[in-house]
Amino acid sequence: MRRRLLAESASAAILALALGIVGALAQEAPHEAAAPRLPLPELPAPLVMLPEAAPLRLDIPAPPELVLDLRTGPAEEQPELAARLDATELVTGAISVTPQPEDRIFLLDIPAPELPPVDPALTARPAPDAPSPAALPAQIEIAPPALPEVVLSLPSALELAARIAQRAEEGLAVPRLAQRERADILAAYAANENRPFWIEGKGWSPAGKQLVAQLARAGQDGLRPADYAVPAFEASDKDGLAEADVRLSALAVLYARDARGGRIDPRRLSKMLTPELDLPSATEVLSELAGAADPGAVLAAYNPQHEGYRRLKAKLATLRSNDEDVPSVRIPAGPPLRLGMRDQRVPLVRARLGLGASEEPVFDRSTATALAAFQKQAGLRADGVLSNQTLAALGSPPAARLENDIIAQMERWRWLPADLGASHVMVNVPEFRMRMVHDGKPVHDTRVIVGKPQSATPIFSHKMEYVVVNPSWYVPPSILKKEFLPGLKADPDYAAKRGYVVTRRGNSISVRQPPGERNALGWIKFMFPNDHAVYLHDTPNRRLFAGNKRALSHGCVRVENPFALADLVLGPEWTNERLKRLIGSGERTIRLPQPLPIHLVYNTLVVNEAGAITTFEDLYGFHRLVRTALERLS
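Residues numbered from 1 in each chain as written. Predicted model: local features only at pLDDT ≥ 70, side-chain atom pairs only at ≥ 80, totals over all residues. Heavy atoms only, no water.

Participant: Before we go on, may I ask you to explain the packing of helix α12 (residues 365-377) against helix α13 (residues 388-395) in this structure?
Facilitator: Think of two packed helices as two axes; the pair is described by the angle between the axes and how far apart they sit. Here α12 crosses α13 at 80°, and the two axes come no closer than 11 Å. Between α12 and α13, the crossing angle belongs to the class labelled roughly perpendicular. From α12, L371, F374 and Q375 reach across to α13, where they touch T390, A393 and L394. A per-class count over the contact of α12 with α13 returns four nonpolar, two polar and no charged. (Axes fitted to C-alpha atoms, helices over the stretch in contact; angles between N-to-C directions. Helix = DSSP H or I, 4+ residues; strand = E, 2+ residues; numbered from the N terminus. Parallel < 35°, antiparallel > 145°, perpendicular 65-115°, else oblique. Contact = heavy atoms within 4.5 Å. Nonpolar A, V, L, I, M, F, W, Y, C, P; charged D, E, K, R; others polar.)

Participant: I would appreciate a short explanation of empty space enclosed by the protein in the present structure.
Facilitator: The gaps left among the atoms become clear once a water-sized probe is rolled over them. Enumeration according to the criterion identifies two cavities of 30 Å³ or more in this entry. Space inside the largest cavity adds up to approximately 80 Å³. Lining of the largest cavity is provided by P275, R412, W415, L416, I459, F460, S461, L600, V601, Y602 and N603. At the level of secondary structure, the elements contributing two or more residues to the lining of the largest cavity comprise β8 (460-469) and β16 (588-601). (1 Å grid on protein atoms, 1.4 Å probe; cavity = no way out; pocket = protein on both sides within 12 Å on 5 of 7 lines; lining within 4 Å. Points joined across faces, edges and corners; volume = space filled by probe spheres on them.)

Participant: Please clarify how the layout of surface pockets should be interpreted in this entry.
Facilitator: Of the pockets and cavities examined, the largest pocket occupies roughly 1,300 Å³. Around the largest pocket, the lining is made up of 50 residues, and of these W473, P476, I479, H554 and G555 lie nearest the centre. Secondary-structure elements contributing two or more residues to the lining of the largest pocket are β9 (473-474), α15 (477-490) and β14 (551-553). The element best represented in the lining of the largest pocket is α15, accounting for seven residues. In the lining of the largest pocket, the residues fall into 25 nonpolar, 15 polar and ten charged. Here the second largest pocket is characterised by a volume of approximately 780 Å³. G308, R311, W413, M426 and R435 are, among the 26 residues lining the second largest pocket, the residues nearest its centre. The greatest single-element share of the lining of the second largest pocket, amounting to four residues, is contributed by helix α10 (residues 307-321). The residue inventory of the lining of the second largest pocket, partitioned by class, reads twelve nonpolar, eight polar and six charged.

Participant: Can you walk me through the nonpolar core in this structure?
Facilitator: In globular proteins that are soluble, nonpolar side chains generally tend to be buried together. Judged by nonpolar contacts, the single largest core of 79 residues is most densely connected at F484, F526, L536, V569 and L570. Non-local contacts of V569, meaning those with residues more than four positions away in its chain, are made with M436, M464, V467, F526, L592, P593 and L596. Listed in part, the 35 residues of the second largest apolar core include V174, A188, V246 and Y255. (Core = buried A, V, L, I, M, F, W, Y, C linked by side-chain atoms within 4.5 Å. Buried < 20%, exposed > 50% of the residue type's maximum accessible area, 1.4 Å probe, protein only.)

Participant: What am I meant to see in helix α6 (residues 238-259) here?
Facilitator: Three- or four-residue spacings in an α-helix give side chains the same orientation, since the helix completes a turn every 3.6 residues. Given a rise of 1.5 Å per residue, 22 residues ought to cover 32 Å, and the 32 Å separating the end C-alpha atoms of α6 matches this to within 8%. Across the 22 residues that make up α6, a large majority, 19, are buried. In the stretch just after α6, G261 is the one whose phi turns positive, near 105°. (Expected span 1.5 Å × (residues − 1).)

What follows is the structure in structure tokens.
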């Protein structure tokens, strides 16, 4: 473009100069006879218009034809031009007048303009089929119009991403949230490019509001709302918004794990409490909540959905809605009171239990009986003795104490699998009963014998796999150590006299009771292999089922009518009659058509369909351990 402009300017200047020279030569002075003359150009004859007369015509010769040659370089390098010029008048130049008769040619020596060298790398090579530059039309440069200023507004999610990365640690500062869960939450945000899950604009999104509302309802499920307190923030505080989003995620994860039984570890309370808790990971919780249409409902569903739990929840709500409470009577501390003792606190104890006044301050039988009933309802040992523990229970409001008992029972429901199985067996140890459910309907209910307090029946869930008819009984290590080894030491025939077979392998010894009428397992046992080596079985001492308190075994569960249970778990192929024909014919193992879930539970409080509460004795103190552990949560 620059070169074209220079060429156009030079052409215009040369043309003007040439016309000036031609005019000067035409007006040359007479005394310059020796100078070459150029005849005046013939001009067109002027026309003079007279009224009503013919126009006059003046003959003026036409100007000579001018030919401009803009080529640079010596004339001898341009053969066509050199042939037309007189050698004595030829000089290098860039302009010429085409020779005519009696015309003279003038050459002006105008050097070519100096241009900076062109970088070869910037020189574009034309395409093979591209038109030549001479054939291209002239390009007109038009300056672009002024555009309005564009204001770029980042979405709030992107705006908070950097702040979430910076404030994540503060948002995760939630008590009882393990380091693993915190790491998983950070990973979930990183996978989401640190964009918020629950903040939209300057406040909670609709999904965030649903989560906040569910956390506020935590008390309805026996959880503590204070454990899930949502932080307050200002809409203009970007750091506060970022921290609140992470905190809500952390609280949702904590709630989900608590709802599944993560508040306390049962195994730390007792080695006989070994349920397999189904605690969700933080990744699982956030994934389910983030993709849900109603995250609040999804979060609530982490609580047990079993009917027994729902009834307890409804009872808790009814209890809390009733503001009336029995006035408590403060009973001073003192030594334990037993039947027949005299003490000045006896009238206060009777007043607290709702009994009438007595003539003498004697801890009589009516007082002991009423106290035992109170202890049973409170989940204490119902011995009718006013111990320090019983005194503390008497000192708390009945409604508050019952609330804590219901919450502790609700907690034990969290230990069970979310799916009990359409068909399953459930043994409630404190109730001394076993029930079987088939296709969601109860089909069998019978009495059982459970472990003694010193040899408690463990609490866990498993799957029944097979049945053994005519089983042998292998004496467990605990009984072997306490009974048989001392007996064998005193009398080598101790076991044989009782019908047992002793097997020695090196330093180890095992004692087996062969199948038979006197076998401790009876005629049949139901196997679900577990770490406690316990199972369901028959017993030769069926008269023991007549007692109300049936904590008599070494840990296994004895079933009152085992063949009726076998008929149900083995299916129609194995009828009661067919099984009984196998008795006495040798040990026989029969596998179940499919594994059957079995749950050994510890329900000391049960609510029936009408909303009435039934309490059972805390045989092993497990209820008290759970309630105390929940009360001590920091």
